[in-house]
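Analysis of the macromolecular model
Given next are the chains, with one letter for each unit.
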Amino acid sequence: MDKKKPTEEKTREEVEAERKAKRAAKQERKKAALEKHKSDEPDSLPKPKDRSLEPSKKVNTNELVKEPKPEVSKAAFKKSLVQIADVTPKTPSIKKINVVKKLTNVKCNKNKENIIAEKIGEIQPCKTVNSLKKPLGTVIHKVKLFNHLYFDTVSLMAENKLKINSERVHPAFIKFGIQMRTCIVVGSNARCLAFLCALKQTISDFLTPEHKQFSRSFEEHLGPAIDYLNTSRPFSVSMSNAHKYIMWHVKRLPNNISDGQAKEKLENVINNYIYVQIHMAGKAICIAAQNKIANGDVILTYGYSSLVERILTEAYYNNKQFSVIIVDSAPWYEGRQMLHRLVQNDVKCTYVLLSATSFIMTRATKVLLGAHALLANGYVMGRAGSSQIALVAKHFNVPVLVCCETYKFTERVQTDSIVYNELGNAHEVMPKEQWLNNRYLTPLCLRYDVTTPDLITAVVTEIAILPCTSVPVVLRVRPNEYGTYNK
Amino acid sequence: MLKQEVSQYFSNIMEKEPDVSASIAAISTLLKLLEHDKSETVQELDLNLQSAVEVITNSSYRITGVSSGCALFMRFITFAKLDTITFAECKKVMLDRGKVFLKKLTDARNKVAKITLPYFVDGTNILTHSKSRVVLEAMKLAVNSQKRFHVFVSESSPDKSGIEMYNCLKKLNIPCTLVLDSAVGYIMERVDMVMVGAECVVESGGIINKIGSCTMAICAKEFKKPFYVLTESYKFSRMYPLNQRDLPYNFKYTANNLNDNNLSNAHPTVDYTHPTYISLLFTDLGILMPSAMIIKPGNLLFSRYTFYAKYVVI
C-alpha cells in the first residue's frame, strides 16, 4: 500500500502535467486557427476605422492584398493533414513508449518542472494525433437548421476578386457592395436608394459595344455586377423590385436607340422611381399615419425605420401631442439612432430594451413598425424582434400599424423565418474568442423575422390603410410597369 | 337650391319616410339638387354638391353611412364620358345616371334579403339588435316564405330603437321577445344565430353599428354562435378605425353633443365591431367573409377609388 500510494500521487502529477501540456498545445492551435480564420473571413477585415466611404481604388488594392492568403493557408493545412496521416499508424507504439517513460519518471522522483518539460516535448507529436479525431482549427460553426443561409465566403471572395479585376463591375457597385457588407448602408430604403444611384452611374458610364444593341449589351454588362452585389449581401426585396422595374424598362428600349437617348430615358425612369415610389410614397404614408396619431398617444416603435422616423417627426411638427417609446435590441442597437434623431427634434422619448416590452406595452396606445417587405400571404417581414413586439401588443390589445411603401410588396409566400432569411455576423452576437474554438457553441444571428397577419391591425401604405391580407389585391392592381404583373 | 332648402328637404325625407335610410335620403337630396341646380360649369356644380353633402353631414341625424353613400354617388354620376357635350346635356346624363344609381341602391335591400333566406332554418332562434331595415326586410321575406323562427330583440338604449323593431316584427306576425340590453349574455345560450344590420362597413371588414353591437358580437363569439351582418354595399366606407377611440367624433356623437363641447358625459351612439367577431357579411354583392371584404369587392373599392385616392394624395 505504501509503495503504491506515492505512485498514484505521481500519476496525478503526471496527469496534471499532461493537462498543462495539452492546454499549451491547444492554445497554440487556437492561435493558428485564429490567424487562419482572419485570413479566411472577409467580414473581419474592414476595421471600423476604414468604415468611412473609401474610394473604390483603395478597396481594390485591399482585395488584392487579401487574395493570396487563403490559398497559402489552405496549402499549409493540406500539408499538415498529410503529416498527420503519416503519423497515425504509429500511434500505439508512441503511446507505449510514453507509458514506459512515465513509469521511469515516477521511479526517478524528479522535480515536477522537469517532468513537465519532458512531457511537453514528448506529448507534442501525440497531440497532433489526438487532434485528428476532432476537426482541427476549422471548427465549423453552422446551425443545421439554417444551413441553407450560409454561403461559402472563401470561394465567393475569390470569385469576386476575379470579377472586380476583370473591370466588368463598375466601381460604384464595388463601393456599394462593400458598404452593404460592412453595414454602412443598412435599411431597405437606404439600400434601394444606394443601389439605384450606383445603377445610374453605371448607366451614364456605359458604352454600347459596336454592332450591338444598347438594351441587350447593357443587360449583359450588368450581370456580373448583380452577382457581385448578391455575394456581398443578398438583395433586399426593395432592391430586387427596383431592379426588375428598371430592367423591364431597359428591355423595352427600341433597338435603334442611340446611347445618349437611352441613357437619358433610363435616368428619367430611375429618378421617377425614386421620386414616386420612395419619396412621394413616404409622404403619402406620413399623411395617412398622422391621421391615426391622436393627441395624448403613446407610440411604441422598434428599432430604426426611416419611414417611422419621418412620420413621427412630421407629426411632431404638425403639433400632435404624443410621446414615443423606443424599443431596442442587441446586437445592432438601431433604436439608438432613432432615439438620437427624435430627441434632436425635441420629441419626448423613452428608451427600453426588448426584454422590457411586456412591461412597457401597458403604457403604449399604438405600435408603429417599419417593414422590410410585405409578403403575398399578408405576413410582414421585419427586423428580427418585431414579431415579438406585435405579439405582445396583441396581448395587450394595442393596435399595431405597419408602415410600408408598396414597392416593398413581394409575391413571395413565407410562413416562418427559416426558409428565407439573412444571417448577420455571428461575432456581433458574441465576441469571436468565446466561441471560435468551441465546437459546442455556435452563435446565430438572424436579421429578419416574419409576423403573422393576425397580429397586425393595419398596414399603412401610400394607397390606403389596409388590412394585411389585402397585399395580393395591391399586387394585382399594381401598375403594369412591373415585370411581375400578371394579366 | 339654398343650404336651408337642402337641409329641409333632407330632414323631410328622414322624418316622413322611416323606411328610407340616411344614405338614400342624402342621395335623393343630391339628385333633387342636381335637378334644380343652375350652375354653368362642372366645377360649380361639384362645389354645390360638396356643400350640400356638408350640410347633410352636419344635420342632427345619425349620418354614419352618409359620407360613403354620397362619395359613391358623386363618383358614379361623373363616371360617364362628359367631354364632348354641352353642359346642359352633361347635366342630363348625370341626372339619368343618378336615378339609375338610386334605383340600384333601393334594390340592394331586396337582394340581401334574398340571399339571406336559406339561413333561416325552421325553428331557429335569432337575436337581433336595435332596428335595422335590412334585417326587417330579410325577416319579412322569410316569414312570407313560410319559415318558422323566433326573434329576440334587444331593447337598444338610449333611443330604444329595439322597441320599434319589436313592434314592426309583431305587425308582421313574427313571434318575438323583447330583451334587455344587459340580458344579451343571458339570452345568448338560447339563440342559434345573431343577425344585425350595419350603419357602415369599414375597410378592415369590421362594422360600425348602433352601440351594443360589439358587446353582442363578443358574446356570440364566446358562445360560438354565428354573428351575421346584413348590409347593402353602398355602406362600404373608405376608413380604417383601429379601435373605438379611433372612430371619428361626428360618428360617435350627435351634432347636439358635439356642440356642447363636453363629451365626457355624452353617450356614444355607435361602436366598432372588429372583423374577427363577424362570421359573415350578407351584401348585395354576395356573401362575404369579413377578411375577404377588401378582396372580393375589390372592383368596387380598388379600381374605382384607390387610384382616385392616390391622385388626390399625391
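Rules used throughout
Residues numbered from 1 in each chain as written. Chains lettered and ligands numbered in written order. Predicted model: local features only at pLDDT ≥ 70, side-chain atom pairs only at ≥ 80, totals over all residues. Heavy atoms only, no water. UniProt positions renumbered as here; feature names shortened; annotations may be inferred. Helix = DSSP H or I, 4+ residues; strand = E, 2+ residues; numbered from the N terminus. Buried < 20%, exposed > 50% of the residue type's maximum accessible area, 1.4 Å probe, protein only. Contact = heavy atoms within 4.5 Å. Areas by Shrake-Rupley, 256 points an atom, 1.4 Å probe, with all protein chains shown as cover. Rg over C-alpha atoms; globule rule 2.2 N^0.38 Å. Salt bridge = Lys/Arg side-chain N within 4 Å of Asp/Glu carboxyl O. Axes fitted to C-alpha atoms, helices over the stretch in contact; angles between N-to-C directions. Parallel < 35°, antiparallel > 145°, perpendicular 65-115°, else oblique. Left-handed = near helix turned anticlockwise from the far one by under 90°. Nonpolar A, V, L, I, M, F, W, Y, C, P; charged D, E, K, R; others polar. pLDDT = per-residue confidence, 0-100. Expected span 1.5 Å × (residues − 1). Buried area = accessible area lost by both parts, 1.4 Å probe. Polar contact = N/O pair within 3.5 Å; in protein donor to acceptor, adjacent residues only side chain to side chain. Pairing = 2+ DSSP bridges. Domains from an automatic or database assignment.

Looking at an unreviewed UniProt entry, one finds chain B named Translation initiation factor eIF2B subunit alpha and attributed to Cinara cedri. The record held by UniProt for chain B lists under Sequence similarities (unreviewed entry) the comment "Belongs to the eIF-2B alpha/beta/delta subunits family." One UniProt comment on chain B, placed under Subcellular location (unreviewed entry), says "Cytoplasm, Cytosol".

As recorded by an unreviewed UniProt entry, chain A carries the name Translation initiation factor eIF2B subunit delta and is attributed to Cinara cedri. Per its UniProt entry, chain A bears the Sequence similarities (unreviewed entry) comment "Belongs to the eIF-2B alpha/beta/delta subunits family." As recorded by UniProt, the Subcellular location (unreviewed entry) comment attached to chain A reads in full: "Cytoplasm, Cytosol".

1. Let's talk about the overall build of chain A
Broken down by element type, chain A carries 18 helices and ten strands. Taking all 487 residues of chain A together, 46% fall into the buried category. For chain A, restricting intrachain contacts to residue pairs at least 6 apart in sequence, the fraction spanning at least 24 positions comes to 80%. Roughly 25,500 Å² of accessible area belongs to chain A as shown, and the carbon and sulfur atoms make up 55% of that amount.

2. Focus: the overall build of chain B
Each helix and strand in chain B was counted, giving twelve helices and ten strands. For 314 residues, the compact-globule estimate of 2.2 N^0.38 gives 20 Å, and the C-alpha radius of gyration of chain B, at 20 Å, lies within 12% of that figure. Viewed in the frame of its principal axes, chain B has a C-alpha envelope of about 60 × 45 × 40 Å. Of all 314 residues assigned to chain B, the portion counted as buried reaches 53%. Relative to all contacts within chain B whose residues are 6 or more apart in sequence, the contacts with residues 24 or more apart total 73%. Just so you have it, chain B exposes about 14,900 Å², and 53% of that area is on carbon and sulfur atoms.

3. Quick notes on the pattern of salt bridges
Here the structure, examined in full by the defined rule, presents 21 salt bridges over all chains. Here Glu 405 of chain A makes a salt bridge to Lys 408 of chain A, at a shortest N to O gap of 3.1 Å. The burial state of Glu 405 of chain A is the same as that of Lys 408 of chain A; both residues are buried. Where Lys 103 of chain B meets Asp 107 of chain B, a salt bridge forms, and the shortest distance between an N and an O atom there is 3.4 Å.

4. Structural notes on the packing of helix H7 (residues 171-181) of chain A against helix H9 (residues 214-232) of chain A
All names here are of chain A. Two numbers describe how H7 lies on H9: the axes approach to 9 Å, and their chain directions differ by 15°. As the angle between them shows, H7 and H9 are arranged roughly parallel. Once H7 is placed against H9, the crossing between them reads as right-handed. Between H7 and H9, the residues in contact are Phe 173, Ile 174, Phe 176, Gly 177, Ile 178, Met 180 and Arg 181 and Leu 222, Ala 225, Tyr 228, Leu 229 and Ser 232, respectively. Per-class residue counts for the contact of H7 with H9 are nine nonpolar, two polar and one charged.

5. Things to note about the confidence of the model for chain A
Residues and elements named next belong to chain A. When pLDDT is averaged across chain A, the result is 79; 71% of the residues are at 70 or more. With pLDDT under 50 throughout, residues 1-7 is counted as low confidence; its partners more than four residues away or in other chains account for one contact. Low pLDDT, under 50, characterises residues 483-487; the predicted model gives this stretch nine contacts beyond four residues in sequence or across chains.

6. As for helix H8 (residues 188-205) of chain A
Residues and elements named next belong to chain A. Over its 18 residues, H8 extends 26 Å from the first C-alpha to the last, a length consistent with the 26 Å expected when each residue adds 1.5 Å. Considered for burial, the residues of H8 that qualify are Ser 188, Asn 189, Arg 191, Cys 192, Ala 194, Phe 195, Leu 196, Ala 198, Leu 199, Thr 202 and Ile 203. Next to the buried residues of H8 lie H7, H9, helix H10 (237-251), helix H11 (259-291), helix H12 (306-317) and strand S8 (448-451).

7. Description of the packing of H8 of chain A against H11 of chain A
Residue and element names in this part refer to chain A. Packing of H8 against H11 leaves a shortest axis separation of 10 Å and a crossing angle of 170°. The angle between H8 and H11 falls in the class roughly antiparallel. Contact with H8, carried on its side by Asn 189, Cys 192, Leu 193, Leu 196, Leu 199, Lys 200, Ile 203 and Ser 204, involves Lys 263, Leu 266, Glu 267, Ile 270, Asn 271, Tyr 273, Ile 274 and Ile 278 of H11 and no other residues of that element. In the contact of H8 with H11, the residues fall into ten nonpolar, three polar and three charged.

8. What about the environment of Pro 275 of chain B?
Residues and elements named next belong to chain B. Mapped onto the fold, Pro 275 is located in the loop between strand S8 (270-273) and strand S9 (280-283). Along the sequence, Pro 275 and Val 202 sit 73 residues apart, while their C-alpha atoms lie 9.5 Å from each other. When residues no more than four places from it in sequence are discounted, the contact partners of Pro 275 are Ser 204, Gly 205, Gly 206 and Pro 290.

9. Regarding the interface of chain B and chain A
Listed by partner, the interface residues are 17 residues for chain B and 24 residues for chain A. When chain B packs against chain A, the two sides together hide about 1,900 Å² of surface, and 68% of this comes from carbon and sulfur. In this structure, the connection of chain B to chain A is made through two salt bridges. Of the charged contacts in the structure, one is a salt bridge between Lys 292 of chain A and Asp 246 of chain B, with a shortest N-O distance of 2.8 Å. For the pair chain B and chain A, the number of links is five residue pairs in polar contact (both at pLDDT 80 or more).

10. Observations regarding the sheet that holds strand S2 (residues 149-154) of chain B
Residue and element names in this part refer to chain B. Spatial ordering of the open sheet is given by S3-S2-S1-S4-S7-S9-S10, a layout of seven strands whose pairing is mixed. With partners counted over all chains shown, the strands left at the sheet margins are strand S3 (176-179) and strand S10 (286-288), one partner each. Adjacent strand axes in the sheet meet at a mean angle of 25° when their direction is disregarded. Sitting on the sheet, helix H5 (residues 87-116) touches strand S4 (193-196), strand S7 (227-230), S9 and S10, and the angle it makes with S9 is about 130°.

11. Looking at the side chain of Glu 199 of chain B
Residues and elements named next belong to chain B. Mapped onto the fold, Glu 199 is located in the loop between S4 and strand S5 (200-201). Overall, Glu 199 belongs to the buried group, its relative accessible area being 13%. When sequence neighbours within four positions are dropped, the list of residues in contact with Glu 199 reads Arg 62, Thr 64, Gly 65, Ile 208, Asn 209, Lys 210, Lys 235 and Val 270.

12. A look at the domain arrangement of chain B
Residues and elements named next belong to chain B. Domain assignment breaks chain B into domain 1 (3-108) and domain 2 (112-304). Taking only C-alpha atoms, the centre of domain 1 and the centre of domain 2 are 26 Å apart. Of all residues in domain 1, Arg 62, Thr 64 and Ala 108 bury the most surface against domain 2, accounting for 36% of the area lost on that side. Between domain 1 and domain 2 we count zero salt bridges in total. Seen at the junction of domain 1 and domain 2, the total is four residue pairs in polar contact (both at pLDDT 80 or more). Top element by residues in the side of domain 1 that touches domain 2 is helix H4 (residues 66-77). It accounts for five residues. Residue classes in the side of domain 1 that touches domain 2 are distributed as eight nonpolar, ten polar and three charged.

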